[in-house]
Amino acid sequence: MPAKTVKTVAPTPALVPAEVAPSPDLVPADGSIKMKSKAANMTNKNTGLVFNCYSLRRRMRAARVGRFIRPTSVVYMGAVLEYLMAEVLELAGNCARDSKRKTVKPRHIMMAVQMDDELKPLFNDVILPGGGVVPGVHTCLLGKRDQETFKGWSRQNLSKAQMGV
């Protein structure tokens, strides 16, 4: 019987995944093939955000948000936080400009948040150090005034009696 010959067929590129069979021009000269990393790339260049997504993920892990934090959720949360920050800073900058200042201070942030109807519920329980209070006179103080309203408020008579006049 004649001996059987075994043909070896080279795999076609269409049947082999791209990670296993890289194109010949991408193979290094020494012949070693490096696999692409499966780690999420959350750099500022790739996400287009100003916020550092790696720091945000570290803070989410420290706050025990969940057992596993997906990179997409970190990028999404970073985008939301960046939008809110830009909105508040824009309003605070307008408030600082209206009061003829070049520096945004906590007072301007407080005024901007309290005057905006959409941001006010978000900052309802927030205390901004140095923010002060929103100017305004309470409605109960706008009532009718007469002589009896301020009776007892003036200590002028008391001080004259103590001096012996």
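## Digging into the nonpolar core
Part 1: Within the largest apolar cluster, seven residues are counted, these being M42, L49, C53, L56, M60, I69 and V74.
Part 2: Contacts of M60, omitting those with residues within four sequence positions, involve V65, I69, V74 and M77.

## Quick word on helix α2 (residues 53-62)
Part 1: Among the residues of α2, those classed as buried are C53, S55, L56, R57 and M60.
Part 2: Buried-residue contacts for α2 involve α1 (44-47) and α3 (71-98).
Part 3: With a side-chain oxygen positioned 3.1 Å from the backbone nitrogen of Y54, the residue opening α2 is N52.
Part 4: Phi for R64, located one or two positions after α2, is positive at around 55°.

## Thoughts on the confidence of the model for the protein chain
Part 1: A residue-level look at the protein chain finds 65% of positions with pLDDT of 70 or above and a mean pLDDT of 78.
Part 2: Averaged over each element, pLDDT in the protein chain is lowest for helix α5 (residues 156-163) (53) and highest for α3 (93).

## A short note on helix α4 (residues 106-115)
Part 1: For α4, the full list of buried residues reads H108, M110, M111, A112, V113 and Q114.
Part 2: In the core, the buried residues of α4 are packed alongside α3.

## Quick look at unusual backbone geometry
Part 1: At R64, a position not held by glycine, the phi torsion is positive, near 55°.
Part 2: Mapped onto the fold, R64 is located in the loop between α2 and α3.

## Regarding the side chain of E82
Part 1: Examined against the element boundaries, E82 turns out to sit in helix α3.
Part 2: Despite its burial, E82 pairs with no opposite charge, the nearest such side chain being R59 at 14 Å.
Part 3: Within the local environment of E82, its side chain forms a polar contact with the backbone nitrogen of F51, the two atoms lying 3.4 Å apart.
Part 4: Apart from residues lying up to four places away in sequence, E82 is in contact with L49, V50 and F51.

## Some words on the packing of α2 against α3
Part 1: Contact pair α2 / α3: the axes reach a minimum separation of 9 Å and the direction vectors enclose 105°. Judged on the interaxial angle alone, α3 and α2 are roughly perpendicular. Side by side, α2 and α3 meet where C53, L56, R57 and M60 of the first sit next to V74, V75, M77, G78 and L81 of the second.
Part 2: When the residues that make up the contact of α2 with α3 are grouped by side-chain class, the tally is seven nonpolar, one polar and one charged.

## A closer look at a nonpolar patch on the surface
Part 1: Nonpolar side chains collect at one region of the surface, where Y76, M77, V80, L81, Y83, L84 and L122 lie side by side and expose about 680 Å² of accessible area between them.
Part 2: Its location among the elements puts Y83 in helix α3.
Part 3: On the accessibility criterion, Y83 (53% relative accessible area) is exposed.

## As for the environment of A92
Part 1: Summarising the element assignment, A92 is placed in helix α3.
Part 2: Along the sequence, A92 and V113 sit 21 residues apart, while their C-alpha atoms lie 7.9 Å from each other.
Part 3: Beyond its immediate sequence surroundings of up to four residues, A92 is in contact with V104, H108, I109 and A112.

## Observations regarding the packing of α3 against α4
Part 1: Running from N to C, α3 and α4 point in directions that differ by 110°, and their axes come no closer than 8 Å. Considered as vectors, α3 and α4 are oriented roughly perpendicular to each other. Read as a crossing pair, α3 and α4 show a hand that is right-handed. Residue-level contacts link V88, L91, A92, C95 and A96 of α3 to H108, I109, M111, A112 and V113 of α4.
Part 2: Each residue belonging to the contact of α3 with α4 can be placed in one class, and the counts come to nine nonpolar, one polar and no charged.

Rules of the game
Residues numbered from 1 in each chain as written. Predicted model: local features only at pLDDT ≥ 70, side-chain atom pairs only at ≥ 80, totals over all residues. Heavy atoms only, no water. Core = buried A, V, L, I, M, F, W, Y, C linked by side-chain atoms within 4.5 Å. Buried < 20%, exposed > 50% of the residue type's maximum accessible area, 1.4 Å probe, protein only. Contact = heavy atoms within 4.5 Å. Helix = DSSP H or I, 4+ residues; strand = E, 2+ residues; numbered from the N terminus. Polar contact = N/O pair within 3.5 Å; in protein donor to acceptor, adjacent residues only side chain to side chain. pLDDT = per-residue confidence, 0-100. Lys, Arg positive; Asp, Glu negative; His and termini not counted. Salt bridge = Lys/Arg side-chain N within 4 Å of Asp/Glu carboxyl O. Axes fitted to C-alpha atoms, helices over the stretch in contact; angles between N-to-C directions. Parallel < 35°, antiparallel > 145°, perpendicular 65-115°, else oblique. Nonpolar A, V, L, I, M, F, W, Y, C, P; charged D, E, K, R; others polar. Patch = residues over 30% accessible without salt bridge, like charges linked within 9 Å, V, L, I, M, F, W, Y side chains within 5 Å. Areas by Shrake-Rupley, 256 points an atom, 1.4 Å probe, with all protein chains shown as cover. Left-handed = near helix turned anticlockwise from the far one by under 90°.

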